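Spelled out from the first residue to the last, the chains are:
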Amino acid sequence: MRVFCGIDWASDHHDIALVDSDGKLVARARISDDATGLQQLLDLLADHGDGPDTRIPVAIETSRGLLVACLRASDRPVYAINPMAASRYRERHTVVRKKSDHLDAMVLANILRTDAAAHRTMPADSELAQAVTILARAQQDAVWDRTQAGNKLRSHLHEYFPGYLDAVQPILGGLNSPVARVLLAAAPTPARAARLTRTQLRSVLKRAGRQRGIEAEVTRLHAALRVPQMRQLPLVEDAMGRQALTLLRKLDTACTSADELAEAAVESFEAHPDAEIITSFPGLGSLTGARVLAEIGDDRSRFADAKGLKAYAGAAPVTRASGKSLSVKARRIKNQRLAAAGYLWAFASLTASPGARAHYDRRRADDDRHISALRNLFNRMIGCLHHCLTKRVHYDETAAFPTRPEPSLATAA
């Protein structure tokens, strides 16, 4: 008798349902979210035939958490079911839209019983690949937090200190640069900025780590911070300066987190055996390569072919055909992190690969917009990446973008 397990998870407890091959409920339980609850679940599975050679498959609506990690460590097939898909299956069991934790667990178990072939087990990524995933995603989140914090601070400065934004705009990194942040901490209002002496500005630049061109930059900032501008009332200006310091602390934290996580992600990525192959591609450095590896993993059975990887990345278009209607549109349901990394990858490859540049120019000549041409280039590059990772070979420009033969005189005639 085959048995299937469904788990409806929550923050402090989980509902378990076991069904047989006929859909009959054979066991149910509610376990706590701790080691005792995990042991209770393992004992329940063992009582119904679970063993080293016959692992009972488990369906759950999440791919993260300690429970999932422990179930994966037991070498059993674990299916992470999309909650939207599970809600559609629920309608097969009830038409009045009733809902309970036990019913959801039974629905998940029956999904494996009837449609296991339509779903895929969680990939068996290595421990190092999972570590890269955590660090790369955390670093990308920190970058997004940094962007949000910088936008809030910039918007606030526009209201009372636009001269500061003009002064730091030529600095590499703009508002996020160490020089700009240290300068704002030293002079958060126009009045205090105008009183900064050359000696104080020189000290600010050195604290920010500036080593070259200090005197020229001191002269430029000294003049830029004294340019006449519209001002708020004195007390209002001081209050807005205090608010700016609060927003600056959030930006400092986000910048520090992004830098530290980037260093950690690159270190873990470069220790992975796939790093050399991934970074052999034009436009892929260690940090972007870490983001790519984080999303595709190192379980090569995860994608049956390059088409599956292209669809997962959002590079392949979606075709909708019904009767005489036919449309080809960009894919909206995709891995957003991989798609974001793919845009950076394709854009950077334009200057690093003559073949990529020629491919992009051809798409633009065919009336593709910039984003469409880059997405098509990403589609081509990620297909090449799938081939290289599968065959364990490095990127080859001539194989990825073979030179088109020139038309002969006879053909032209």
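Residues numbered from 1 in each chain as written. Predicted model: local features only at pLDDT ≥ 70, side-chain atom pairs only at ≥ 80, totals over all residues. Heavy atoms only, no water.

**Side note on helix α15 (residues 336–352)**
Move 1: An ideal rise of 1.5 Å per residue puts 24 Å on 17 residues; α15 measures up with 24 Å between its terminal C-alpha atoms.
Move 2: Taken together, the buried positions of α15 are occupied by Arg337, Leu338, Ala339, Ala341, Gly342, Trp345, Ala346, Ser349 and Leu350.
Move 3: The inward-facing, buried residues of α15 abut α5 (127–160), α13 (286–296), α14 (306–313), α16 (354–365) and α17 (370–391).
Move 4: A distance of 3.1 Å separates the backbone nitrogen of Arg337 from a side-chain oxygen at the start of α15, and that oxygen is part of Asn335. (Helix = DSSP H or I, 4+ residues; strand = E, 2+ residues; numbered from the N terminus. Expected span 1.5 Å × (residues − 1). Buried < 20%, exposed > 50% of the residue type's maximum accessible area, 1.4 Å probe, protein only. Contact = heavy atoms within 4.5 Å. Polar contact = N/O pair within 3.5 Å; in protein donor to acceptor, adjacent residues only side chain to side chain.)

**Observations concerning the pattern of salt bridges**
Move 1: Taken as a whole and assessed by the stated rule, the structure comprises 14 salt bridges.
Move 2: The partner of Arg55 in a salt bridge is Asp50, and the shortest N-O contact between them spans 3.1 Å.
Move 3: Residue classification places Arg55 among the partly exposed positions, given a relative accessible area of 30%.
Move 4: Relative accessible area serves as the criterion here: at 13%, Asp50 is assigned to the buried category.
Move 5: Overlapping salt bridges, with partners in common, bring together Asp15, Arg30 and Asp101 in one network. (Salt bridge = Lys/Arg side-chain N within 4 Å of Asp/Glu carboxyl O.)

**With respect to the nonpolar core**
Move 1: Phe281, Ile296, Trp345, Phe378 and Leu385 are the most contacted members of the largest nonpolar core, which totals 37 residues.
Move 2: Elements that contribute at least two residues to this core include exactly α5, α12 (275–279), α13, α14, α15, α16 and α17.
Move 3: Once residues lying within four places of it in the same chain are set aside, the contact partners of Phe378 are Ala313, Ala315, Leu338, Ala339, Gly342, Trp345 and Ala346.
Move 4: Formed by 32 residues, the second largest nonpolar core is a distinct cluster that contains Tyr164, Ala167, Ala180 and Leu225. (Core = buried A, V, L, I, M, F, W, Y, C linked by side-chain atoms within 4.5 Å.)

**Side note on the sheet that holds strand β2 (residues 13–20)**
Move 1: Within the open sheet, the 5 strands sit side by side as β3-β2-β1-β4-β5. Their pairing is mixed. Among the strands making up the open sheet, the edge pair consists of β3 (25–32) and β5 (78–80). The mean angle between the axes of side-by-side strands here comes to 20 degrees, regardless of whether they run parallel or antiparallel.
Move 2: As defined by bridge partners, strand β4 (residues 58–60) adjoins β5 across 3 bridges and the pair is classed as parallel. Residue pairing across strands places Val58 opposite Val78, the latter belonging to β5.
Move 3: Contacting β1 (3–9), β2 and β3, helix α1 (residues 35–47) runs over the sheet at an angle of about 165 degrees to β3.
Move 4: This element, helix α4 (residues 101–115), spans β1, β2, β3, β4 and β5 of the sheet and lies at about 140 degrees to β1. (Pairing = 2+ DSSP bridges. Axes fitted to C-alpha atoms, helices over the stretch in contact; angles between N-to-C directions.)

**Digging into a nonpolar patch on the surface**
Move 1: A surface patch of nonpolar side chains, about 350 Å² in accessible area, is lined by Tyr343, Leu344, Phe347 and Ile371.
Move 2: If you tally residues by element for the nonpolar patch, the top one is α15, at 3 residues.
Move 3: Structurally, Leu344 is set in helix α15. (Patch = residues over 30% accessible without salt bridge, like charges linked within 9 Å, V, L, I, M, F, W, Y side chains within 5 Å. Areas by Shrake-Rupley, 256 points an atom, 1.4 Å probe, with all protein chains shown as cover.)

**Examining α17**
Move 1: Its 22 residues give α17 an end-to-end C-alpha distance of 32 Å, which sits within 8% of 32 Å, the value for a rise of 1.5 Å per residue.
Move 2: Of the residues flanking the end of α17, it is Arg392, one or two places downstream, whose phi is positive at about 60 degrees.

**Some remarks on a positive patch on the surface**
Move 1: A contiguous patch of positive charge on the surface is contributed by Arg320, Lys329, Arg332 and Arg369.
Move 2: Along the chain, Arg369 falls in the loop between α16 and α17. (Lys, Arg positive; Asp, Glu negative; His and termini not counted. Charge placed at Lys NZ, Arg CZ, Asp CG, Glu CD.)

**What about the confidence of the model for the protein chain?**
Move 1: Confidence along the protein chain averages 89 in pLDDT terms, with 96% of residues attaining 70 or more.
Move 2: The low-confidence segment residues 409–413 (pLDDT under 50) makes 0 contacts with residues lying over four places distant or belonging to another chain. (pLDDT = per-residue confidence, 0-100.)

**Considering the packing of helix α11 (residues 234–270) against α13**
Move 1: Two numbers describe how α11 lies on α13: the axes approach to 9 Å, and their chain directions differ by 70 degrees. Comparing their axes, α13 and α11 come out roughly perpendicular. Within the contact between the two elements, α11 uses Ala262, Ala265, Val266, Phe269 and Glu270 and α13 uses Ser286, Leu287, Gly289, Ala290 and Leu293.
Move 2: In the contact of α11 with α13, the residues fall into 7 nonpolar, 2 polar and 1 charged. (Parallel < 35°, antiparallel > 145°, perpendicular 65-115°, else oblique. Nonpolar A, V, L, I, M, F, W, Y, C, P; charged D, E, K, R; others polar.)

**Things to note about the packing of helix α3 (residues 83–90) against α4**
Move 1: One way to put it is that α3 packs onto α4 with a least axis distance of 10 Å and a crossing angle of 95 degrees. It follows that α3 is roughly perpendicular to α4 by the angle criterion. On the side of α3, the interface is formed by Ala86, Tyr89 and Arg90, while α4 contributes Leu103, Asp104, Val107, Leu108, Ile111 and Asp115.
Move 2: Class assignment of the residues belonging to the contact of α3 with α4 gives a composition of 6 nonpolar, no polar and 3 charged.

**Comments concerning the pairing of strand β6 (residues 318–322)**
Side-chain direction in a regular strand flips from residue to residue, so the side chains alternate between the two faces of the sheet.
Move 1: Where β6 meets strand β7 (residues 325–329), 5 bridges bridge the pair, whose relative direction is antiparallel. Looking at β7, one finds that Val318 is bridged to Lys329.
Move 2: A loop of 2 residues connects β6 with β7, the two strands running antiparallel in sequence, and Gly323 in this loop sits at a positive phi of about 65 degrees.

**Thoughts on the environment of Val132**
Move 1: The residue Val132 is located in helix α5 in this model.
Move 2: The class of Val132 is buried, set by a relative accessible area of 0%.
Move 3: In this view, Val132 contacts Ser268, Phe269, Ala290, Leu293 and Ala294; residues no more than four positions away in its chain are not counted.

**Here's the deal with the side chain of His156**
Move 1: The residue His156 is located in helix α5 in this model.
Move 2: Residues within four places of His156 in sequence aside, it is in contact with Met240, Gln243, Ala244 and Leu247.

**Description of the side chain of Asn110**
Move 1: Mapped onto the elements of the fold, Asn110 is located in helix α4.
Move 2: At 2.8 Å, the side chain of Asn110 and the side chain of Arg113 are in polar contact.

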